[in-house]
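Take a look at the letters that make up each chain.
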Amino acid sequence: MELGNVFTVHPYRLQGTVFSTCMCLLSMLNILLKSCFSFELSRHEILNRILNSSIYDPLIAPNYEDDFPTNVSIQIVIKNIHSLDEINMDYSMDIIFRQKWEDRRLKFEHFKATSLELDHKMIEKIWVPDSFFPQEKRAKIHDVTVPNRLLHIYKNGTVVYSMRVEMTLSCEMKLQNYPLDRQLCPMKIESYSYSKENVDFRWTDNSPVKVPKLSLPQFKMPETVVTTTCQTQYEVGDFACLLVELKFERNTGYYISQIFIPSILIVMLSWVSFWVDIDATPARVSLGVLTVLTMTTQSSGARSALPRVSYIKAIDVWMAVCLTFVFMSLLEFAYINVVSRRNSKPIRTASQCDKALRTGTNPTLAASNHIDFKKRARHVDKLARVMFPLTFFLFNMGFWVFYLVINKDNTF
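Within every chain, residues take consecutive numbers counted from 1 along the sequence as written. Thresholds applied to this predicted model are a pLDDT of at least 70 for local features of residues and 80 or more for the giving and counting of side-chain atom pairs; totals over whole chains, interfaces and linings are not thresholded and use all residues. Only hydrogens and water are set aside when side-chain values are computed; all heavy atoms of the structure are taken into account.

K.L.:
Where do I start with the state of the cysteines in this structure?
P.N.:
Each disulfide consists of a covalent bond between the sulfur atoms of two cysteine residues. By definition, disulfides here are pairs of cysteine sulfur atoms that lie within 2.5 Å. For the coordinates displayed, the defined rule picks out two disulfides. Among the cysteines of the chain that take part in disulfides, numbered as they appear in the sequence, the pairing is 1-2, 3-4.

See the structure below:
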């Protein structure tokens, strides 16, 4: 009975012990549940989960198995435009090329930050669009100090891929109005291997193309650019295509100061011979030959920086007319020089000859007026002093009005 009393427990004490044990177990279970459902993973663990080779395949487009394509939003930030080359028909530029799309296979949780920033070495493990530039001649991705590529993955699976590219693109320039021309250089972005059934491109809603406020040596930077979609149909299918149109207007200050004004002065210099006496043959010949040679040299220099196109340019018209004016000035002197050296000849009418025969006098000795060829030559000079400047002025009016107003958009 005593031993039984030793192991006997008061019922109220037993109930309290069981209750406290149950509460302990409930609290431990609560802690365990919280730790299971509110744990946080490190960046490395998240990357290992979403890039698991058994789940994620970077060789397949995000919506490859679906009935809709992967929409890729594209934005271009032009950092600099280096030059426009008329001879090679191209232009070089430095851009930041941004692409954004949604890949539901890359969704992740259990991480405080909203995005993952990947190193450029990890980009090879992620699917990226196969975009390319059809007009590209040469291109490279900047790699100082590391390859300038960026890739961010957001929690909802949105991927932002950006790279800094320097490239040279072809531009079919129309030089009919050169150097008063405006050039329209298109830049296309296409998908190379995926058709529109799998990948489609579209411009971002906010500022699809950003252009800096820079100054080029020969052109004005476009204030606004035109962004549209384009159609590219090949034998293997229809592919996504985006188009940017950059419109450049040439600065004419250099050409006015280095070509147009000097050529006008040379033409005006050739008119000085009209005021030089017709007997000063060496002076007038030297002045005419000098202006012709100078005009020829300037014309050759102006065309040396241009491609050998088959059509006539505005600079060709200007130089040809200026050369014609100085050459005509030289021909004018040659004409009056021949005329002035002719001897004076009497002018006899038929009545004067009949009267001389009736009176028995020599008809050659009959009184008559004479032609003064020197006076006629001087009269030609006086006429040239007015006609040459007037004709050149009318040519200038027609030239500038046609190329700056009528044909400014190369419609003819």
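K.L.:
Looking at this structure, how should I read the packing of aromatic side chains?
P.N.:
Ring pairs (aromatic) are described by centroid distance and by the angle formed between their planes. Note on aromatic pairs: the rings of Phe, Tyr and Trp (six-membered ring only in Trp) are paired at centre separations within 6.5 Å, and the planes decide the class, stacked below 30 degrees, edge-to-face beyond 60, tilted for the rest. Tallying each qualifying case throughout the model produces 25 aromatic pairs. Here the aromatic rings of Phe-325 and Phe-392 are separated by 5.1 Å at their centres, their planes lie at 75 degrees, and the arrangement is edge-to-face. Note that Phe-325 is positioned in helix α6 (residues 314-340) and Phe-392 in helix α8 (residues 373-406), a separation of 67 residues in sequence. Phe-392 carries the same exposure label as Phe-325, and that label is buried. Runs of E in the DSSP output that reach at least two residues are strands. Runs of H or I that reach at least four are helices, and both are numbered from the N terminus. Exposure is judged per residue with a 1.4 Å probe applied to protein chains only, and the accessible area is read against the type maximum: over 50% gives exposed, under 20% gives buried, and values in between give partly exposed.

K.L.:
Is there a simple way to think about the pairing of strand β15 (residues 241-250) in this case?
P.N.:
Regular strands show a simple pattern: their side chains alternate between the two faces of the sheet. When you tally the buried positions in β15, you get seven out of 10 residues, the bulk of the element. Relative to β15, strand β8 (residues 182-191) is paired through nine bridges, and the arrangement is antiparallel. Residue pairing for β15: Pro-186 is matched across the bridge by Glu-245. Bridging between strand β11 (residues 219-220) and β15 involves two bridges; their strand directions are antiparallel. Within β15, the residue paired with Lys-220 across the bridge is Glu-249. Two strands qualify as a pair provided that DSSP identifies no fewer than 2 bridges between them. Note that strand β12 (residues 226-229) and β15 share four bridges and pair antiparallel. Within the sheet, the bridge partner assigned to Val-226 lies in β15 and is Glu-245.

K.L.:
I would appreciate a short explanation of the pattern of salt bridges in the present structure.
P.N.:
Pairs can form between side chains of opposite charge whenever their charged atoms are close. When a carboxyl oxygen of Asp or Glu lies within 4 Å of a side-chain nitrogen of Lys or Arg, that pair is called a salt bridge. The tally for this structure, following the rule as stated, stands at 12 salt bridges. A salt bridge links Asp-90 to Lys-137; its shortest N-O distance comes to 3.3 Å. Linking Asp-90 in strand β2 (residues 90-102) with Lys-137 in strand β5 (residues 136-141), this pair joins segments that are 47 residues apart in sequence. Here the salt bridges share partners, and the residues they tie into one network are Glu-86, Asp-181 and Arg-250.

K.L.:
Can you walk me through helix α5 (residues 281-303) in this structure?
P.N.:
A turn of α-helix holds 3.6 residues, and therefore any two residues three or four places apart point the same way. Under the 1.5 Å per step criterion, the end-to-end length of α5 is 34 Å for 23 residues, consistent within 8% with the ideal 33 Å. For α5, the full list of buried residues reads Arg-284, Leu-287, Gly-288, Thr-291, Val-292, Met-295, Gln-298, Ser-299 and Ala-302. In this analysis, two residues are considered to be in contact whenever any of their non-hydrogen atoms come within 4.5 Å of each other. Those residues of α5 hidden inside the fold are in contact with α4 (253-270), α6 and α8. For a helix, the expected span equals 1.5 Å multiplied by the residue count minus one.

K.L.:
Quick question: what am I supposed to make of the side chain of Thr-232 here?
P.N.:
Relative to the helices and strands, Thr-232 resides in strand β13 (residues 232-234). Classification of Thr-232 as buried rests on a relative accessible area of 5%. Polar contact is defined as a pair of N or O atoms within 3.5 Å, subject to the rule that within protein one atom must be able to donate a hydrogen and the other to accept it, and that residues adjacent in sequence are counted only when both atoms are side-chain atoms. Among the polar contacts made by the side chain of Thr-232, one reaches the main-chain carbonyl oxygen of Phe-239 at a distance of 2.7 Å. Beyond its immediate sequence surroundings of up to four residues, Thr-232 is in contact with Glu-190, Gly-237, Asp-238, Phe-239, Ala-240 and Cys-241.

K.L.:
Explanation requested: unusual backbone geometry in the structure shown.
P.N.:
Negative phi characterises most residues that are not glycine, and trans characterises most peptide bonds. Along the chain, Val-144 connects to Thr-145 via a cis peptide bond; the corresponding omega equals 0 degrees. Structurally, Thr-145 can be placed in the loop between β5 and β6 (149-154). In this chain, Tyr-178 is followed by Pro-179 through a cis amide linkage whose omega measures 5 degrees. Here Pro-179 lies in the loop between β7 (158-170) and β8. The phi angle at Met-89 is positive, at roughly 55 degrees, despite the residue not being glycine. Mapped onto the fold, Met-89 is located in the loop between β1 (70-85) and β2. Backbone geometry places Ser-207, a non-glycine residue, at a positive phi of 50 degrees. Its location among the elements puts Ser-207 in the loop between β9 (199-203) and β10 (209-210).

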